[in-house]
Amino acid sequence: MSQVREPATHDDLPFFRCHPDPLATGSIRASAGTCACCERGRGWVYTAAFYTAHDVTGPFCPWCIADGSAAERFEGDFADSYGLDGVSEDVLHEVTRRTPGFSAWQDPHWLVHCQDAAAFVGEVGYAELTEHPEALEELRSEIRLMGLYDEEQIEHFLTRLGGDATAMLFRCTVCGAHLAYVDAG
């Protein structure tokens, strides 16, 4: 007689160095669904994008992401390599092939700091950004590069983050600095 296996608990999930809390970000959620790669129902599924030319007929479990089998079997990536300039080939593959991606209005991309991929913390608004002044200053610089130079308008835009525009917050895996980019619909 075969035994029914209990679904994995939150504590049993694999750890992703560059996306340490994919449950909080919504990239992984509890589900009775079956993984398209290992064909097992493990209690959790990935919910964000997967880039491949193959027809994938279901979600992936976190374990098939962590060990790289989903990316290898379906010749795809969970994140675009855009923004990952200057990292080693190993780190590039870790982020694109063995780390859950995240959903965004624009094409999501990973940030780099200290020549390593930063860890994705999540989508945040102005209130959360005030706790990370270095990330807020980075956003001010990004907005200036987009052509907005009036400081009052920049602050007006930033204080409205959380509605039609938001920020993607990251933390450097080397020095702990926070950085962010604007994502708007």
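As a reminder, the structure under discussion sits directly above these lines.
Just so you know, these numbers come straight off a predicted model, no measurement behind them. (Residues numbered from 1 in each chain as written. Predicted model: local features only at pLDDT ≥ 70, side-chain atom pairs only at ≥ 80, totals over all residues. Heavy atoms only, no water.)

Spatial strand order, S5-S6-S7: three strands in an open sheet with antiparallel pairing. Two strands close off the open sheet at either side, each with one partner strand: strand S5 (119-124) and strand S7 (178-184). Shown here is a sheet whose adjacent strand axes are inclined to one another by a mean of 25°, direction ignored. Where strand S6 (residues 165-171) meets S7, seven bridges bridge the pair, whose relative direction is antiparallel. Within S7, the residue paired with phenylalanine 170 across the bridge is leucine 179. Contacts from helix H6 (residues 133-145) reach S6 and S7 within the one sheet, and its direction differs from that of S7 by about 45°. (Pairing = 2+ DSSP bridges. Helix = DSSP H or I, 4+ residues; strand = E, 2+ residues; numbered from the N terminus. Axes fitted to C-alpha atoms, helices over the stretch in contact; angles between N-to-C directions. Contact = heavy atoms within 4.5 Å.)

Before going further, it helps to examine the packing of aromatic side chains. Working definition: an aromatic ring pair is given by the centre-to-centre distance plus the angle between the planes. Overall, the coordinates contain twelve aromatic pairs when judged by the stated rule. An angle of 75° between the planes, with centres 4.9 Å apart, marks the rings of phenylalanine 50 and phenylalanine 60 as edge-to-face. Separated by ten residues along the polypeptide, phenylalanine 50 in the loop between strand S2 (44-46) and helix H2 (62-66) and phenylalanine 60 in the loop between S2 and H2 bring together distant segments of the chain. With a centroid separation of 4.7 Å and an interplanar angle of 45°, the aromatic rings of phenylalanine 50 and phenylalanine 78 are classed as tilted. Separated by 28 residues along the polypeptide, phenylalanine 50 in the loop between S2 and H2 and phenylalanine 78 in the loop between helix H3 (69-73) and helix H4 (89-98) bring together distant segments of the chain. One exposure class covers both phenylalanine 50 and phenylalanine 78, and it is buried. Each member of the aromatic cluster is reached from another via a ring pair, and the members are Tyr46, Phe50, Phe60, Phe74 and Phe78. (Phe/Tyr/Trp six-rings, centres within 6.5 Å; stacked < 30°, edge-to-face > 60°. Buried < 20%, exposed > 50% of the residue type's maximum accessible area, 1.4 Å probe, protein only.)

Close approach of charged atoms lets side chains of opposite charge pair. Following the criterion strictly, the structure yields seven salt bridges and no others. A salt bridge links aspartate 116 to arginine 17; the nearest nitrogen and oxygen atoms lie 2.8 Å apart. Taken together, the positions of aspartate 116 in strand S4 (residues 116-117) and arginine 17 in the segment before helix H1 (22-25) put the pair 99 residues apart, joining distant regions of the chain. A residue is classified by how much of its surface remains accessible, and aspartate 116, at 11% relative accessible area, is buried. A relative accessible area of 29% places arginine 17 in the partly exposed class. For glutamate 137, the salt bridge is made with arginine 140, and the minimal N-O distance between the two is 3.3 Å. Note that glutamate 137 and arginine 140 are positioned in helix H6 at a spacing of three residues, about one turn of the helix. Of the residues examined, glutamate 137 reaches a relative accessible area of 37% and is grouped as partly exposed. For arginine 140, a relative accessible area of 15% translates into the label buried. (Salt bridge = Lys/Arg side-chain N within 4 Å of Asp/Glu carboxyl O.)

Mapped onto the fold, glutamate 134 is located in helix H6. Spatially, the C-alpha atom of glutamate 134 lies 14 Å from that of leucine 111, the residues being 23 residues apart in sequence. In contact with glutamate 134, other than residues within four places in its own chain, are Ala177 and His178. A polar contact of 2.7 Å, which involves the side chain of glutamate 134, links it to the backbone nitrogen of histidine 178. (Polar contact = N/O pair within 3.5 Å; in protein donor to acceptor, adjacent residues only side chain to side chain.)

Let's shift gears to the state of the cysteines. Tallied over the full model, the rule gives zero disulfides. Here cysteine 38 stays free of any disulfide, with the sulfur of cysteine 64 as its closest cysteine sulfur at 3.8 Å. The cysteine cysteine 175 is free of any disulfide, with cysteine 172 supplying the nearest cysteine sulfur at 3.7 Å. Of the residues examined, cysteine 175 reaches a relative accessible area of 45% and is grouped as partly exposed. (Disulfide = S-S within 2.5 Å.)

On their own, these measurements won't tell you what the molecule is for.
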